[in-house]
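These are the residues of each chain, in order.
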Amino acid sequence: MKTIAALQTLVTAVPLGIEPTAAELDAIDREMPLIRAEVELLDAQIMTIDRPVNELDTRRVRRARNRVLAARRDLTNRTGLRSGGAA
């Protein structure tokens, strides 16, 4: 019987132990309101997938979409002010 072996080393054979840097964690923290707003919008959209959309669903999706837009605006304005550029 012939044994079958990989001819190349595995890509994930060596654990790299890479952790996010403090700057990356700060960036995630700054983007968290936008992430939460996008998850809320996705939840509102998922609720309307398998049923007819009523007025309450329409308002829920619209409000969630407005929260996403507001969070994007706030993030853009904060990022623009920190980098010294005009938004």
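Structural data are supplied above this passage.
Presented here is a report on the structure given in the accompanying data block. (Residues numbered from 1 in each chain as written. Predicted model: local features only at pLDDT ≥ 70, side-chain atom pairs only at ≥ 80, totals over all residues. Heavy atoms only, no water.)

### Some details on helix H1 (residues 22–47)
So, point 1. For H1, with 26 residues, the first-to-last C-alpha span of 36 Å sits near the 38 Å given by 1.5 Å per residue.
So, point 2. Most pronounced at Glu31, the bend in H1 amounts to some 50 degrees, and the proline Pro33 follows within four residues.
So, point 3. Those residues of H1 that fall on the buried side of the exposure criterion are Leu34, Ala37, Leu41 and Ala44. (Helix = DSSP H or I, 4+ residues; strand = E, 2+ residues; numbered from the N terminus. Expected span 1.5 Å × (residues − 1). Bend = angle between axes of the 7 residues up to and from the residue. Buried < 20%, exposed > 50% of the residue type's maximum accessible area, 1.4 Å probe, protein only.)

### Comments concerning a nonpolar patch on the surface
So, point 1. A surface patch of nonpolar side chains, amounting to about 320 Å² of accessible area, comprises Leu25, Ile28, Ile35 and Val39.
So, point 2. Counting through the fold element by element, Leu25 comes out in helix H1.
So, point 3. Judged by its relative accessible area of 45%, Leu25 falls in the partly exposed class. (Patch = residues over 30% accessible without salt bridge, like charges linked within 9 Å, V, L, I, M, F, W, Y side chains within 5 Å. Areas by Shrake-Rupley, 256 points an atom, 1.4 Å probe, with all protein chains shown as cover. Salt bridge = Lys/Arg side-chain N within 4 Å of Asp/Glu carboxyl O.)

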